[in-house]
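# Commentary on secondary and tertiary structure
Letter by letter, the chains look like this.
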Amino acid sequence: MEYSLHFGAVWASFDRLLSGLAIGLALAVVAVAIGTVLGLLAAFAAVSPYRPLRSLAGLYVALIRNLPLLVLVLLAYFALPQIGIALDKYQSFAGALALYSGAYLTEVFRAGLLSVPKGVIEAARSIGLTRLQTNVSVVAPIMLRNALPSLGNTFIGMFKDSSIAAAIAVPELTFEARKINVDTFRVIETWTVASGLYIAACVVIAALLRGLERRFPKF
Amino acid sequence: MNKPQPLLAIRGLTKQFGAVEVLKGVDLDLDQGDVVSIIGSSGSGKTTLLRCVNLLEEYQGGDIVLDGETIGYRSVNGRRHRLGDRALSRQRAMTGMVFQSFNLFPHLSAAGNVMLGLRKVLKLPKAEARAIAETWLARVGLAARADHYPSQLSGGQQQRVAIARALAMNPKLVLLDEVTSALDPELVQEVLNTVKGIAEDGATLLIVTHEMRFARDVSSRVVFMEQGRIHEEGPAAEIFGNPKSARLAEFLRNTRH
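Here the residue index of a chain counts from 1 through its sequence in written order. Ligands are numbered from 1 and chains lettered from A, in the order in which they are written. Totals for whole chains, interfaces and linings use all residues, but because this is a predicted model, local features are given only for residues with pLDDT of at least 70 and pairs of side-chain atoms are given and counted only at 80 or more. Computation of side-chain values: all heavy atoms of the structure, hydrogens and water removed.

Chain B appears in an unreviewed UniProt entry as Amino acid ABC transporter ATP-binding protein from Bosea minatitlanensis. UniProt positions are given in the numbering used here, feature names are shortened, and annotations may be inferred rather than shown by experiment. Looking at chain B in UniProt, the text filed under Sequence similarities (unreviewed entry) is "Belongs to the ABC transporter superfamily." In its Subcellular location (unreviewed entry) section, UniProt records this for chain B: "Cell membrane".

The name given to chain A in an unreviewed UniProt entry is Amino acid ABC transporter permease, and the organism recorded there is Bosea minatitlanensis. According to its UniProt record, chain A has this under Sequence similarities (unreviewed entry): "Belongs to the binding-protein-dependent transport system permease family. HisMQ subfamily." Recorded in UniProt under Function (unreviewed entry), the annotation for chain A is "Part of the binding-protein-dependent transport system for glutamine; probably responsible for the translocation of the substrate across the membrane."

Quick look at the structure:
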């Protein structure tokens, strides 16, 4: 087998890989931010005493979590315009990833909610906090702290899933790497560098989240 | 001469968990400044009674009147309706509750625990809430622990924070539910002394306890509950010194060692 490594061609386009990484990160941040709001709402709905809310949350998770992200992205980009909702490729990917991460985060937050001791909730009610005040001031902070470790996992997973945006020609890291690969035929070099960038970004995200865990010690 | 209206009047209270009747018609009056202890074996309905008064439990029959206001339910055309969240919350704020398992907010400091209700329910400004919290923490002997988190406090200290949290709201009535049962033996006394202190300050207390010596010491009246009913009630000296019913005498024999 004859293959000598020449990284020069990849380094020449390194700025495109970096801008691809930035686009992927930006898409993931926007999507996960929206997904976090969706997940929080759906998780509270999932444990609410009102059956219609519980059913709605259950339906959301069942529909979205059981679809591959790629299918969701293709639906958003190619199918929605057919019914008059035209989104550009960034919007449709961010929207799809937001919905997708929201479904996963619903389960993460729901587990966190179940971990809040019932007695602590009763204590909040007993001093006269309303249900909403209790959820905002007592349940949410405890739940978020308990959910932090699995939250980190989900965030990293969602960032890596930004590579799926390549399928609709969003110029993020995987898309750029594939172009460089095709242009230079430097297969091993291109994908090694791209992998290195993914790993580095994930290590940084994980370190940030661990810092957050240390900042808010376990109760 | 008419007796003034009691601060708390429980009338014919009945409560079922499914098919199990836990309270079978309880009547109890507390006047301002009364310290009433409820004793009885587990399953007699003591804790459920307290939780009904704090509106943490729904009940099927009877009325609870606090300071002239019927709480928890309203009657429309003879039918009982549970009040909405806002009304229940307002009425819960009139009573304070101290729980067996402390139930402090783990994400807030001792002062933060006391301040939450002052800020959110009584809508006090932060500085004022902080000042009240510090006063109450000092009252329970924890002035130096205001900025400690519950996980940094002993069980006895946590329970004293919980007492400060309940009393800082200036409730008309404080409910204490087996407040020393989850404590290591050497920590029981500091909590009992704190309760005794607030009783001497004139707070109205309804106490569920297994500490007979404490009940005898602190109570103006003692209630013995048995199978969902009040079986015997009277001044502490009478209940402990001269029980009238055989069942109470037997209960006291079994708990006194």
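## Some details on the side chain of Ser162 of chain A
Numbering of helices and strands runs from the N terminus, with a helix taken as a DSSP run of H or I at least four residues long and a strand as a DSSP run of E at least two residues long. Counting through the fold element by element, Ser162 of chain A comes out in the loop between helix 7 (131-160) and helix 8 (173-184). Residue contacts for Ser162 of chain A: discarding those within four places in its chain leaves Gly24, Phe93 and Glu172 of chain A. Note on contacts: a residue pair qualifies if any of its non-hydrogen atoms lie within 4.5 Å across the two residues.

## Remarks on a positive patch on the surface
Exposure above 30% relative accessible area and no salt bridge define the residues that can form patches, which grow by joining like charges within 9 Å and nonpolar side chains of Val, Leu, Ile, Met, Phe, Trp and Tyr within 5 Å. Method for areas: the Shrake-Rupley scheme with a 1.4 Å probe, in which residue coverage is limited to the protein chains shown. Salt bridges are defined as contacts in which a side-chain nitrogen from Lys or Arg sits within 4 Å of a carboxyl oxygen from Asp or Glu. Residues scored as charged are limited to Lys and Arg (positive) and Asp and Glu (negative), so that His and the chain ends carry no count. Charged groups are reduced to one reference atom each: NZ for lysine, CZ for arginine, CG for aspartic acid, CD for glutamic acid. The grouping of Arg86, Arg119, Lys120, Lys123 and Lys126 of chain B at the surface amounts to a positive patch. Mapped onto the fold, Lys123 of chain B is located in the loop between helix 3 (110-120) and helix 4 (126-139).

## Some words on the environment of Thr95 of chain B
Its location among the elements puts Thr95 of chain B in strand 8 (residues 95-98). Of the residues examined, Thr95 of chain B reaches a relative accessible area of 2% and is grouped as buried. Spatially, the C-alpha atoms of Thr95 of chain B and Ile132 of chain B are 18 Å apart, while their sequence positions differ by 37 residues. Setting aside chain neighbours within four positions, we find Thr95 of chain B in contact with Ser126 of chain A together with Val53, Asn54, Leu66, Pro171, Leu173 and Leu175 of chain B. Throughout this description, buried means an accessible area under 20% of the type-specific maximum (1.4 Å probe, protein chains only), exposed means over 50%, and partly exposed covers the range between.

## Quick notes on the packing of helix 3 (residues 51-65) of chain A against helix 5 (residues 89-114) of chain A
Residue and element names in this part refer to chain A. Interhelical geometry of helix 3 versus helix 5 gives an angle of 125° and a closest axis separation of 9 Å. Taken together, the axes of helix 3 and helix 5 are oblique relative to one another. Classified by chirality, the crossing of helix 5 by helix 3 is left-handed. Across the interface between the two elements, Tyr60, Val61, Ile64 and Arg65 of helix 3 pack against Ala98, Leu99, Tyr100, Gly102, Ala103, Tyr104, Thr106 and Glu107 of helix 5. Each residue gets one of three labels, nonpolar for Ala, Val, Leu, Ile, Met, Phe, Trp, Tyr, Cys and Pro, charged for Asp, Glu, Lys and Arg, and polar for the others, Gly among them. Considered class by class, the residues forming the contact of helix 3 with helix 5 number eight nonpolar, two polar and two charged. Axis definition: a line fitted to C-alpha atoms, over the contacting stretch in the case of helices. Angles run 0 to 180 degrees between N-to-C directions. Throughout this description, any angle smaller than 35 degrees is read as roughly parallel, any larger than 145 degrees as roughly antiparallel, any in the 65 to 115 degree range as roughly perpendicular, and the remainder as oblique. Crossing chirality is assigned from the near helix's rotation relative to the far helix, an anticlockwise turn below a right angle marking it left-handed and a clockwise turn marking it right-handed.

## Here we look at the sheet that holds strand 4 (residues 61-66) of chain B
Residues and elements named next belong to chain B. Two strands qualify as a pair provided DSSP detects at least 2 bridges between them. Within the open sheet, the four strands sit side by side as 2-1-4-5. Their pairing is antiparallel. Because the sheet does not close on itself, it has two edges, and the strands there are strand 2 (20-30) and strand 5 (69-70). By the bridge criterion, eight bridges tie strand 1 (residues 8-17) to strand 2 in an arrangement that is antiparallel. Looking at strand 2, one finds that Ala9 is bridged to Asp29. Its contacts with the sheet put helix 1 (residues 46-53) on strand 1, strand 2 and strand 4, and the angle it makes with strand 1 is roughly 115°.

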